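Working through the structure, step by step
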Amino acid sequence: MNDPDDHRPPRDESRARRIKALSTESVEDLPAGALRLLVQELRLHQIELEMQNEELRITHAALDVTREHYFNLYDLAPVAYCTVDASGMIQQINLCGARLLSTERESVVGLPLARFIAPEHRDHFYLQCRLPLDEGAQRSCEMRLLDRAGEQVWVEMDATAAKDDLGEPQLRIVLIDVTARRQAAQLREKQEAAEAERRAMSRFLSAASHDLRQPTHAMGLLIDQLKQLPGSPKNHVLVSRLDASVHTLEYMLNALLDLSRLDADFVQAQPQPVPFARLVEQLRPLFPDEGLRTGVRLKFRPSHAWLHTDLPLLQRVIHNLVGNALRFTPQGTVLVACRPANGGTHARIEVRDSGIGIAPDHLNRIFDEFFQVDNPERDRSKGLGLGLSIVRRTCDLLGHPIHVQSLPGWGSCFSVTVPLAPPQPALSQEPPARTTQALSQDALSGLNGLIIEDDAMACDALFDLLKTWKAVPHAVEGLESARALVAQGLLPDFIVSDHRLRGHENGIDAILALRELTRRNIPACLVTGDMDKAVAERARSVGIALLYKPARPAALRELILSII
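What comes next is a walk through the structure. (Residues numbered from 1 in each chain as written. Predicted model: local features only at pLDDT ≥ 70, side-chain atom pairs only at ≥ 80, totals over all residues. Heavy atoms only, no water.)

**Topic: helix α10 (residues 387-398)**
When the terminal C-alpha atoms of α10 are compared, their 16 Å separation across 12 residues agrees well with the 16 Å that a helix rising 1.5 Å per residue should span. If you check which residues of α10 are buried, you get Gly 387, Leu 388, Ser 389, Ile 390, Val 391, Thr 394, Cys 395 and Leu 398. Of the residues trailing α10, Gly 399 is marked for its positive phi of about 75°. (Helix = DSSP H or I, 4+ residues; strand = E, 2+ residues; numbered from the N terminus. Expected span 1.5 Å × (residues − 1). Buried < 20%, exposed > 50% of the residue type's maximum accessible area, 1.4 Å probe, protein only.)

Written as structure tokens, this is what we have:
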């Protein structure tokens, strides 16, 4: 592009002098030639002035564009900008800054910025203003602002030292709203604290489950021995009542621990395809005496359906529903059936009874904790009123809707809707369960039973119980003592171990170590109060049977007979 000066007439200093000289003379006195020269010179000077005016107009337009660009960058910026003098007074602020302070820009100029800063941060701001700063130096901090409405806004303040047109110091400040960031950080901290609390609760519940089950387990074993001792009829009545009390205690303990574990999110569902027949197979043994009850029948209707569910959790649900139905059915039938639902995509597991039924005004409360329709006197033999609460929470965990229909005097029907799963042919044929009924009462006679148990009460009770079964018991507290017995020549025929032992030892590791030491796959079972699924899965993977405390002596004997 050509320079505008290329079109400008060349400056002639002599011309300027001539014009000045001619202007001092009277026009009437000028000769014609001099007058023509003056007019020509004036015309050229006019052209030059017009060109200079055009340049000024272009420069002014450029300044307008620059000013508009500055307005867009400064006033319309999505970040708050302001300038304060050495005393902290606001000299200039953009629109975003005014909105951040919830005020009009015209009214905030001339006010101290500290007026909008939370009291606990004002001293820090004044210090920033007072500190000597080299021009261009920067400082950054976070502080809390208070707008006129009293709302709290956290900002990150970046201040840069500068000088105004008069050379006075000032701070050019950028205010970035970090409220959302701080809230997210606080939320993360709360989530981490909640997760840490959940982990601590899980550890507590695991330890409490183990420790609380130990004494009830020992009591159950001792009561079984008392039953076998000779005594008067009155003593037998007392032992029976003691046995019933311990059984009630076991039920209450299990209910409370189950509820606590659900509340603490300690239980995680792991759904997989399982046949309904397996659910029935595992439920039947839990109600061995129901067929002997006068006037009450428990029936399981067979089904070939496969369910997509967590079998242990669903078993707990149906077990509680069946137990509840039996409790409120003085005579008649309790039926467990599996029917198609939702167009064949789901199955509806029903627990029907012909019992006393539930009044309509109680249907909305039966799943509440500790609610019992027929137990105003809080008779603990009737439970705590937690069974249906555990059922509802477990169904919520599984994602299985539960419904109830009932009519007083005509019975109730509880139904759980479960997704169907494709049949698994490889798993359809279950190996026949080994029966122990054919084994004689002296099947354990003379067998060396190794007890690994660090709780003295439970250990003594199990030791004496094995003796009543004519086994030869040996008891140790941990792995080192067990190794010492093996080194002395003991070859256990079976091992009964707790899972949690002293220090960092556990029953699974102890059993595996003894199997390796003796080079024999010693039949073994865990009898533990540790309800952690990982323990059960690991025990199953290495061929160790599992029984939870408190265990009934008959169940323990059946388990030992099955593993040997």
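**Points about helix α14 (residues 507-518)**
Given a rise of 1.5 Å per residue, 12 residues ought to cover 16 Å, and the 16 Å separating the end C-alpha atoms of α14 matches this to within 8%. Among the residues of α14, those classed as buried are Gly 507, Ile 508, Ala 510, Ile 511, Ala 513, Leu 514, Arg 515 and Thr 518. On its buried side, α14 packs onto β13 (448-452), α13 (479-487), β15 (494-497), β16 (524-528) and α15 (533-541). (Contact = heavy atoms within 4.5 Å.)

**Here we look at the sheet that holds strand β17 (residues 545-548)**
Think of a sheet as strands paired side by side through backbone hydrogen bonds, with each pair either parallel or antiparallel. What the 5 strands build is an open sheet, ordered β14-β13-β15-β16-β17; its pairing is parallel. Each edge of the open sheet is held by one strand with a lone partner, namely β14 (472-476) and β17. Averaged over all pairs of adjacent strands, the angle between strand axes in this sheet comes to 20°, irrespective of strand direction. Looking at chain direction, β13 and β15 are connected through 4 bridges and run parallel. If you follow Leu 450 over to β15, its bridge partner there is Ile 495. Sheet strands touched by α13: β13 and β14. Its angle to β14, the strand with the most contacts, is close to 135°. (Pairing = 2+ DSSP bridges. Axes fitted to C-alpha atoms, helices over the stretch in contact; angles between N-to-C directions.)

**Some points on the packing of α13 against α14**
Any two packed helices are characterised by the angle at which their axes cross and by the distance between the axes. Two numbers describe how α13 lies on α14: the axes approach to 10 Å, and their chain directions differ by 20°. For the element pair α13 / α14, the angle class is roughly parallel. As for the relative orientation of α13 and α14, their crossing is right-handed in sense. Here Leu 479, Ala 482, Arg 483 and Val 486 of α13 lie close against α14, whose contacting residues are Ala 510, Ala 513, Leu 514, Leu 517 and Thr 518. (Parallel < 35°, antiparallel > 145°, perpendicular 65-115°, else oblique. Left-handed = near helix turned anticlockwise from the far one by under 90°.)

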